[in-house]
Amino acid sequence: MMSKEIWVQAGGERKPATVVEERSTSRILRLMDGQYAKVVRGSCHVRENLDSDARCAHWLMRNRLSWKYLHRYRHPGLLRVGERVIDNRGDEGYLCDALVAYALHDPQHPARESIKSFLTCCARLSRACGVMHEAGFVHGDITPGNVCFRDHLPVLIDFETSVKIGQRLGVVESGDDDTSSICCTPSCCSPEHLTSEPALPASDVYCLALTMLSWITELFAVEGASPNQTSYESMRLCITGEYPHWEMVKLRFQEEVIVQIFQKALSLAPQNRFQTGHALADAFEECLSVLPDQVLYRTLHSESYHGNARALSERDTVLYSCAYKN
């Protein structure tokens, strides 16, 4: 039996495509011209009637809002999107550019080429996040799995869990305004994710720091603190502001100024962190300007600390139900 032809309709033209990945709420397709498409699974049923399926409608609306935001606010560290599309199943989404994803333990990881490349990647990602903060949004799910690379520099992706500054870091799927869920990646979230406090740019700063330190330790955020670590053990470390890999980080960086940036970014209280992505980027750029060349060009590549280090993706993001009143 012949397999069903896969295509994406863009600009009135059907373009052949292949499925790259099926995720819980989305499907990733690759077009023949090298572009990618991210479509919302099952959205064919709600495109014309959002009331027919509240959960699917929720993710379709977030997909549309993410696309609208990314069309309006451009930065080299933010995902570039194209036109909206429909795939052969009738599901809706958008085109986006091709990016490279690196496993944390990949010996070619761009952030470990040198201290200079690491600080440059940190500044680029922080500055991209600062653009979001200027526009009044918090990304809400910055993790190593939600950062890809273009030309050896990081690009932030997956904006469907973004909220306006001051909103809670949660999503409403049931259609009931009185009920929400915490949406987080258990080992790479801020304390505010787990306490349902209002989202601040400083919440993203916390997750930015965990993501960047993952490039250095080759461990996903707070994972690896104990054998057979559970998601709930990881969340305990995040909610209490306990980062378990400082010793490993200090082995990589003899420069106290770099360590101090991350210690501030991972402060338990949001008011003690850098307040925006731009402020964090300024700190990294200051390091780039004051550290001598013999430090900046020192390589960070070494034998992997852990053979079981891994990069997680959207499918590792977990929804934790938490009922509360507005």
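Here the structure is shown first, and the text comes after it.
Residues numbered from 1 in each chain as written. Predicted model: local features only at pLDDT ≥ 70, side-chain atom pairs only at ≥ 80, totals over all residues. Heavy atoms only, no water.

Q: For this particular structure, what's the right way to read the environment of A10?
A: Residue position: A10 is located in strand β1 (residues 7–10). Separated by 76 residues in sequence, A10 and I86 have C-alpha atoms that sit 7.2 Å apart. If near-sequence neighbours (up to four positions away) are discounted, A10 is found in contact with K15, E83, V85 and L95. (Helix = DSSP H or I, 4+ residues; strand = E, 2+ residues; numbered from the N terminus. Contact = heavy atoms within 4.5 Å.)

Q: I keep staring at the state of the cysteines and nothing clicks. Help me out?
A: Structurally, a disulfide amounts to a covalent bond that connects the sulfur atoms of two cysteines. The final tally for this structure, using the stated rule, is zero disulfides. C44 carries a free sulfur, and the closest cysteine sulfur to it, the one in C56, is 7.6 Å from it. Residue C44 is classed as partly exposed on the basis of its relative accessible area of 31%. Cysteine C121 shares no disulfide, and the gap to the nearest cysteine sulfur, in C122, comes to 7.0 Å. (Disulfide = S-S within 2.5 Å. Buried < 20%, exposed > 50% of the residue type's maximum accessible area, 1.4 Å probe, protein only.)

Q: Got a minute to help me understand helix α8 (residues 277–290) in this structure?
A: One turn of an α-helix holds 3.6 residues; hence residues three or four places apart share an orientation. In this model α8 runs 20 Å from its N-terminal to its C-terminal C-alpha over 14 residues, within 8% of the 20 Å that 1.5 Å per residue would give. Within the sequence span of α8, burial applies to G277, H278, L280, A281, A283, F284 and C287. Check the buried side of α8 and you find it contacts α2 (115–134), α4 (201–217), α7 (256–265) and α9 (293–296). (Expected span 1.5 Å × (residues − 1).)

Q: When you look at the sheet that holds strand β2 (residues 13–22) in this model, what are you seeing that I'm missing?
A: Note on sheets: strands pair through backbone hydrogen bonds, and any given pair is parallel or antiparallel. Strand order in the closed barrel made by the six strands is β1-β2-β3-β4-β6-β5, with antiparallel pairing throughout. Within this sheet the neighbouring strands show an average axis-to-axis angle of 40 degrees, counted without direction. (Pairing = 2+ DSSP bridges. Axes fitted to C-alpha atoms, helices over the stretch in contact; angles between N-to-C directions.)

Q: Looking at this structure, I do not really get unusual backbone geometry. What am I missing?
A: A positive phi angle, close to 65 degrees, is found at E218, a residue other than glycine. The exposure class assigned to E218 is buried, which follows from its relative accessible area of 2%.

Q: Quick question: what am I supposed to make of the pairing of strand β3 (residues 26–31) here?
A: Where a strand is regular, its side chains alternate between the two sheet faces. Extensive coverage of β3 is indicated by the burial of five of its six residues. Of the pairings in the sheet, the one linking β2 to β3 comprises five bridges and is antiparallel in character. By the bridge assignment, A17 is partnered in β3 with L31. In textbook terms, the turn of a hairpin is the stretch between consecutive antiparallel strands, and for β2 and β3 this stretch comprises three residues. Sheet topology places β3 next to strand β4 (residues 36–40); five bridges connect them, and they run antiparallel. Counterpart to L29 in the pairing with β4 is A37. Hairpin geometry of β3 and β4 is characterised by an intervening segment of four residues between the two adjacent antiparallel strands and by a positive phi of about 100 degrees at G34.

Q: Looking at this structure, how should I read the packing of α4 against α8?
A: Any two packed helices are characterised by how steeply their axes cross, that is the angle between the axes, and by the distance between the axes. Where α4 meets α8, the closest approach of the two axes is 10 Å, and the angle between their N-to-C directions is 40 degrees. Judged on the interaxial angle alone, α8 and α4 are oblique. The two elements α4 and α8 cross, and the hand of that crossing is right-handed. Contact residues: α4 offers V205, L208 and M212, while α8 offers G277, L280 and F284. Partitioning the contact of α4 with α8 into residue classes produces five nonpolar, one polar and no charged. (Parallel < 35°, antiparallel > 145°, perpendicular 65-115°, else oblique. Left-handed = near helix turned anticlockwise from the far one by under 90°. Nonpolar A, V, L, I, M, F, W, Y, C, P; charged D, E, K, R; others polar.)

It is worth stressing that arrangement in space is one thing and function is another; only the former is reported here.
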